[in-house]
Amino acid sequence: MKKYLSAAIILFLFLLPMTVSAHHFTDLSKKHWAYHSVHTLADSGIITGYSNGNFKPSQEITRAQAAIVLAKALKIDGKTSFKAKFKDVPTSHYAYKQINALTEKGVFSDAGSFNPEAPLTRAQMAKILIKGFGIQVDSNHLESYQDVPKDYWGHDYIITIAEVGISYGVTRTTFQPGASVTRAQLAAFTERALKFDQRVKDKSITYDANLKLYSGINSVAFDTIAMVNKERAKKGLKMLKEDPALSKIAQLKAEDMVDNSYFAHVSPLYGKPSEMAVHFGYPTNQVGENIALGYASSRETMDAWMESKGHKDNILLPSYTSIGVGYVEDEDGIPYWVHLFAIN
C-alpha cells in the first residue's frame, strides 16, 4: 500500500509474522505471539508437545514441568550425589533429577516442600531464570511496579528480569507476581534468557559493576540500523545516520500501538507518521515508516522486511538520510518494531 505526502512519495508498509519451522503444533497458529519461541525451543529439544500434536500454549505450567524445561535449557543432566530435602519430591518423581540438580545449583531453595504440581508464578519464574542463567541482580531499580513493593521477596528478581528485557509487566505499572505462567510464556521467557546469555558470552552485553547495570540491553532495535546500512551499502547508497529525535518518535509510536491496541501506520492519537513527526517538533514531515510485530529478533525482523518488496524498497530509498528505531513488547510479550526514515 502506498500513501503520498507533500513534496515526496514515501512508502508506508506493515508486515505480519511469517516465521517458518520444521515443527508445527496443531493448536499454535503462525500468528501466535510465541510461535517463534515455542518452535525454536522445540527444535532444540528443550520443550515438547503432546502426543495428539498439540502444544497447549495457554495451559498453566507446573513447577516440576518448569524445572525440566530449565534444566534442558541449561544442559544440566541431573547426575549428582546431592540430595535435596524436599519431602514431596521422591526419587521416583518424573522431575526428581532436574529439581534436585537445580536445587544444588541454587535455583530452588532447599526447603521441606517443593510443591511440584503447583502452577509456576511469575515471581517464581523471574527467580529461577535469574538464578539459572546467573544474571547479576542489580539494585538500580530502573523499573518499578505498583504491585511489587520493595519488601516483596521477589522484588529484585522481578525488577532485574524486566531491566534485562526477558519479561516485562502485564501492564506498564503492574507485574502480577502471583499470576500463573503458561507454557507459551515460559517458552518465550526461556528463549529470551538463552539469547541474553549468548549475548553476554559474546560480550555484546556486558555488566558494569560500578554502575551496577548491564549495557547493550537496548541494542535489540538499534542492531537493525547496521543491518539497514549493510543492505544500502550493497546498492551503493549512502548510509543512514541514527537520529535520536527520530528514534524517540519511533519509540513513542511503538508504545502507542501497544497502549491503544492497534497495528497500523495511522495512530488514533497522532495520525499519520508525517503528522506525528510534526506533532513532536521534528524538522521535516518527509518521513517513511516500516512496522512489524511478532518477530523475536532483529535479524528475523530485517530478513522478513527484506523479503517483502515494499519494505525492501522503503529500506533502500536513495533519498533517505536518517533513521530512527523503536521497540516495545505488549503484555503477552509480543514484540512491536518500528523504523522511521527521514529526508532532511
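Going by the structure above, here's the rest.
Remember, predicted model here, so these are calculated numbers, not experimental data.

**Q** I would appreciate a short explanation of helix H4 (residues 122-132) in the present structure.
**A** Quick reminder: α-helices carry 3.6 residues per turn. Residues three or four places apart thus point the same way. A large share of H4 lies buried, amounting to nine of its eleven residues. Along H4, the residues that are buried comprise Arg 122, Ala 123, Met 125, Ala 126, Lys 127, Ile 128, Leu 129, Ile 130 and Gly 132. Positive phi appears at Gly 134, one or two residues downstream of H4, with a value of about 65°.

**Q** I keep staring at empty space enclosed by the protein and nothing clicks. Help me out?
**A** Over the atoms rolls a probe the size of a water molecule, and its path tells where empty space is left. Within the structure shown, the criterion is met by three cavities of 30 Å³ or more. Taken as a whole, the largest cavity encloses approximately 70 Å³ of empty space. Taken together, 13 residues line the largest cavity, and the ones lying closest to its centre are Tyr 168, Phe 189, Glu 331, Asp 332 and Gly 333. No other element matches the three residues that helix H6 (residues 183-201) contributes to the lining of the largest cavity. Tallied by class, residues from the lining of the largest cavity come to three nonpolar, four polar and six charged. Looking at which domains feed residues into the lining of the largest cavity, each of domain 1 (56-215) and domain 2 (220-342) supplies at least three.

**Q** Looking at this model, I keep getting lost on the pattern of salt bridges. Mind explaining?
**A** Any two side chains of opposite charge can pair if their charged atoms end up close together. Tallied over the entire structure, the rule returns seven salt bridges. The residue Glu 191 makes a salt bridge to Lys 195 at a minimum N-O spacing of 3.3 Å. One end of the pair, Glu 191, and the other, Lys 195, are both in helix H6, four residues apart, so they sit about a helical turn from each other. In this structure Glu 191 comes out as buried when scored by relative accessible area, which is 4%. Between Lys 201 and Asp 197 there is a salt bridge, with its nearest N and O atoms 3.1 Å apart. Note that Lys 201 and Asp 197 are positioned in helix H6 at a spacing of four residues, about one turn of the helix. A residue is classified by how much of its surface remains accessible, and Lys 201, at 58% relative accessible area, is exposed.

What counts, and at which threshold
- Residues numbered from 1 in each chain as written.
- Predicted model: local features only at pLDDT ≥ 70, side-chain atom pairs only at ≥ 80, totals over all residues.
- Heavy atoms only, no water.
- Buried < 20%, exposed > 50% of the residue type's maximum accessible area, 1.4 Å probe, protein only.
- Helix = DSSP H or I, 4+ residues; strand = E, 2+ residues; numbered from the N terminus.
- 1 Å grid on protein atoms, 1.4 Å probe; cavity = no way out; pocket = protein on both sides within 12 Å on 5 of 7 lines; lining within 4 Å.
- Points joined across faces, edges and corners; volume = space filled by probe spheres on them.
- Nonpolar A, V, L, I, M, F, W, Y, C, P; charged D, E, K, R; others polar.
- Domains from an automatic or database assignment.
- Salt bridge = Lys/Arg side-chain N within 4 Å of Asp/Glu carboxyl O.

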